[in-house]
Amino acid sequence: MAERVVIVGAGPGGLTAGMLLASRGYSVEIFEKAGSPGGRNARLSLGDFHFDTGPTFLLMKSLLEELFDSAGVRAQDYLEFQKIDPLYDLIYPDGRVFSPGTSPEDLKKGMEAIWPGSSAGADAYYRRENVKSRRLEPILKRPFEGVRDYLKKDLFKAMPYLDIHRSLYSLLNSYFHNDEIIKAFAFQAKYIGMSPWKAPGIFSILSWMEHSEGLYHVKGGLNRISSAMAEVIEEKGGMIRYNAPVSRILASGGRASGVELADGSSISADYIVCNADFGYAATELFPRERLRKWTPEKISRKSFSCSGIVFLWAMDRVFPELAHHTIVFSDDYRSYVEDITVGNRLPEDPSFYIHNPVLMDSSMAPEGKSGLFVLVPVANTDAEVDWDREIQRYREKILYLIEKKTSLNLSSHIEDEKIITPGGWQRDYNVYKGAIFNLGHTLTQMLSFRPHNRFEELKGLYLAGGGTHPGSGLPTIYQSGIITAGLIDKAAGRSGNG
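Residues numbered from 1 in each chain as written. Predicted model: local features only at pLDDT ≥ 70, side-chain atom pairs only at ≥ 80, totals over all residues. Heavy atoms only, no water.

On to the overall build of the protein chain, then. Within the protein chain one finds 15 helices and 19 strands. Taken over the C-alpha atoms alone, the protein chain extends approximately 65 × 50 × 45 Å along its principal axes. Here the protein chain holds 498 residues, and the buried ones make up 60% of them. Contacts spanning at least 24 positions in sequence make up 71% of the contacts within the protein chain whose residues lie at least 6 apart. (Helix = DSSP H or I, 4+ residues; strand = E, 2+ residues; numbered from the N terminus. Buried < 20%, exposed > 50% of the residue type's maximum accessible area, 1.4 Å probe, protein only. Contact = heavy atoms within 4.5 Å.)

Right under this line is the structure:
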């Protein structure tokens, strides 16, 4: 009889583990509190306008294709990929726009057009970051559970390239001696919710993933990836139960034994995979009497990422002036980053991101119209901002800044809208502190210092998602699900990847 696996949450990590385990013959059942798959990678609609709830950048398409291959299917049979070139428009305070191309030649040509003589460091960046990526890859593909995992050969080979002794900004400054160019390779630190002046240099890999493999859009939005994974799970015999929130994880004799649903029913299992936000799960779902290292009290003292306000605007026209991805830098970028990461202040001159997919993908909005996704990274709920009072003022501020810095008047074209604040992430999506990038990626919260994929506090309980190793961001969340599936294979005595 097939081993039974229960997965809490149909987010990207849980779907990844579920797809692999179902394809390997396990009896897989996923419980999801929402009415559709994806979690923060789900579709969100305003009438006939469709948006991604969270991620809009697809990095490392090859990893996603390998994942589908491992489940015995082809990603291209479920998903239509569209390459984005140039990667994005970066708008600086002085009005200059940098649009990095997807090849080294185009990148350097674009740099020289704006900052003559500035591209000299690009070759060194490509050479060293390419080696760094290849050295780091095996480390990010395996679990980290203790001292022995630090003694393996792949880590020793990677050590000269980990750059943990310097900040991301300092490392990038060794390639590019121009603050504005450094921003183009440093803003990605917000993918992990950190400041480039504080994030370890290892995270130069974030910009490298964009420049080495490029960025992609998926027709229908990146939420289609989650829907495709759900399709594969059901095709392989797995089951996803929607509108079925889990209220707690059950334990017996020091081992996770099942889950209790909000309706009071309980489901037993051989293995439990928790894909809920880690902070939420540890404070609300895990049996507290079993916790020592990850008690709610200790978690509250951990470092968590920033949050973000998301404006979803259904527009009555299209905006060909806007690129698919646009990042607008604040006038004082470092002060802004400090406001949202350590100062817990509401920034009055924030950086922000605009996603405008309809020019590439007409399925996202009615003909002649468009949906704009605007993300403003802000502090998490530790900032104690009264969003009920502040949100309308802040909305007007963002519309003003968009008009000031892009010359686009959006306010008169908004047909409908939805706004998600840090409090909304916490309340409606069970995101601890509204920290949308989960636990911070400080040195003391990485590798074995992060919650383990095989949860160390309770046998039979496994983790997938941004709160476990290797970290947040879609590619690493997929990797967490892959690692977890391999660990369950190992526990079951199968020849998996753990």
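Most of strand S1 (residues 4-8) sits inside the fold, with four of its five residues counted as buried. The pairing of S1 with strand S2 (residues 27-31) spans five bridges and is classified as parallel. When the sheet's bridge partners are listed, Val5 is paired in S2 with Val28. Between the parallel elements S1 and S2, the chain passes through helix H1 (residues 12-23) in a crossover that is right-handed. Summarising the sheet, S1 and strand S13 (residues 271-274) pair through four bridges and their orientation is parallel. The residue bridging Val6 from the neighbouring strand is Ile272, located in S13. (Pairing = 2+ DSSP bridges. Right-handed = clockwise from strand over helix to strand, strands pointing away.)

This part covers the layout of surface pockets. Considering only enclosed or pocket space, the second largest pocket measures out at about 260 Å³ in volume. Trp387, Thr421, Pro422, Gly423 and Gly424 are the residues nearest the centre of the second largest pocket, which is lined by 23 residues in total. Residue contributions to the lining of the second largest pocket peak at six residues, all from helix H14 (residues 422-429). Across the lining of the second largest pocket, the residue classes tally to 12 nonpolar, five polar and six charged. (1 Å grid on protein atoms, 1.4 Å probe; cavity = no way out; pocket = protein on both sides within 12 Å on 5 of 7 lines; lining within 4 Å. Points joined across faces, edges and corners; volume = space filled by probe spheres on them. Nonpolar A, V, L, I, M, F, W, Y, C, P; charged D, E, K, R; others polar.)

Turning next to the side chain of Ser472. Relative to the assigned elements, Ser472 resides in the loop between strand S19 (461-463) and helix H15 (474-491). Engagement of the side chain of Ser472 in a polar contact is seen with the backbone oxygen of Phe437, the distance being 3.4 Å. Residues in contact with Ser472, not counting those within four places in the same chain, are Tyr191, Ile192, Phe437, His441, Gly466 and Ile477. (Polar contact = N/O pair within 3.5 Å; in protein donor to acceptor, adjacent residues only side chain to side chain.)

Residue alternation in S13 divides its side chains into two sets, Tyr271 and Val273 and Ile272 and Cys274, and both sets are buried. Relative to S19, S13 runs parallel, the two sharing three bridges. Bridging from a neighbouring strand, Val273 pairs with Tyr462 of S19.

What follows concerns the environment of Ser303. Along the chain, the position of Ser303 falls in the loop between helix H11 (296-300) and strand S14 (307-315). Here the alpha-carbon distance between Ser303 and Leu439, two residues 136 residues apart in the chain, equals 6.2 Å. Discounting residues that sit within four places of it in the chain, Ser303 has contacts with Leu439, Gly440, Thr442 and Gln445.

To locate leftover empty space, one rolls a probe as large as a water molecule over the atoms. Per the counting criterion, the structure on display carries one cavity of 30 Å³ or more. In this structure, the largest cavity occupies an estimated 30 Å³ of space. What lines the largest cavity is His50, Phe51, Asp52, His355, Pro357, Met364, Gly371 and Phe373. Of all the secondary-structure elements, those providing two or more residues to the lining of the largest cavity are strand S4 (49-52) and strand S17 (370-378). Considering each element in turn, the lining of the largest cavity owes the most residues, three residues, to S4.

Our next topic: the pattern of salt bridges. Applying the stated criterion to the full structure yields 34 salt bridges. A salt bridge links Glu321 to Arg317; the shortest N-O distance between them is 3.3 Å. With a shortest N-O distance of 3.5 Å, Lys405 and Asp331 are connected by a salt bridge. Highlighted residues: Lys405 in helix H13 (residues 387-406) and Asp331 in the loop between strand S15 (325-328) and helix H12 (333-341), separated in sequence by 74 residues. A residue is classified by how much of its surface remains accessible, and Lys405, at 15% relative accessible area, is buried. A relative accessible area of 45% means that Asp331 is categorised as partly exposed. The structure contains a network of salt bridges with shared partners spanning Glu348, Arg389, Glu390, Arg393 and Lys397. (Salt bridge = Lys/Arg side-chain N within 4 Å of Asp/Glu carboxyl O.)

As for its position among the elements, Cys306 is in the loop between H11 and S14. The buried category is assigned to Cys306, whose relative accessible area is 2%. Residue contacts for Cys306: discarding those within four places in its chain leaves Gly193, Ile340, Pro377, Val378, Asn380, Gly434, Ala435, Ile436 and Phe437.

Per the stated rule, a full pass over the model turns up 33 aromatic pairs. When the ring of Phe187 is compared with that of Tyr191, the centres are 6.3 Å apart and the planes differ by 90°; the resulting orientation is edge-to-face. Exposure class is identical for Phe187 and Tyr191. Each is buried. Sitting over the ring of Tyr216, Lys61 keeps its end group 4.9 Å from the ring centre. (Phe/Tyr/Trp six-rings, centres within 6.5 Å; stacked < 30°, edge-to-face > 60°. Lys NZ or Arg CZ within 6 Å of the ring centre and 35° of its normal.)

Here seven strands make up an open sheet; going across it, the order is S7-S6-S15-S16-S17-S14-S18 and the pairing mixed. Of all strands in the sheet, those with a lone pairing partner are strand S7 (97-98) and strand S18 (414-420), marking the two edges. Alignment of strand S6 (residues 89-91) against S15, held across three bridges, turns out to be parallel. Directly across from Leu90, in S15, lies its bridge partner Ile327.

Attention shifts here to the nonpolar core. Judged by nonpolar contacts, the single largest core of 71 residues is most densely connected at Leu90, Phe98 and Phe176. Those residues in contact with Leu90 that sit more than four places away from it in its chain are Arg96, Val97, Phe98, Pro100, Ala184, Phe187, Ile327 and Phe329. Counting residues in hydrophobic clusters, the runner-up holds 43 residues, among them Ile7, Tyr271, Ile482 and Ile488. (Core = buried A, V, L, I, M, F, W, Y, C linked by side-chain atoms within 4.5 Å.)

This next bit is on the sheet that holds S2. Strands sit in the order S9-S2-S1-S13-S19 across an open sheet of five strands; the sheet is parallel. Each edge of the open sheet is held by one strand with a lone partner, namely strand S9 (239-241) and S19. Pairs of neighbouring strands in the sheet enclose a mean axial angle of 20°, with direction left out of account. (Axes fitted to C-alpha atoms, helices over the stretch in contact; angles between N-to-C directions.)

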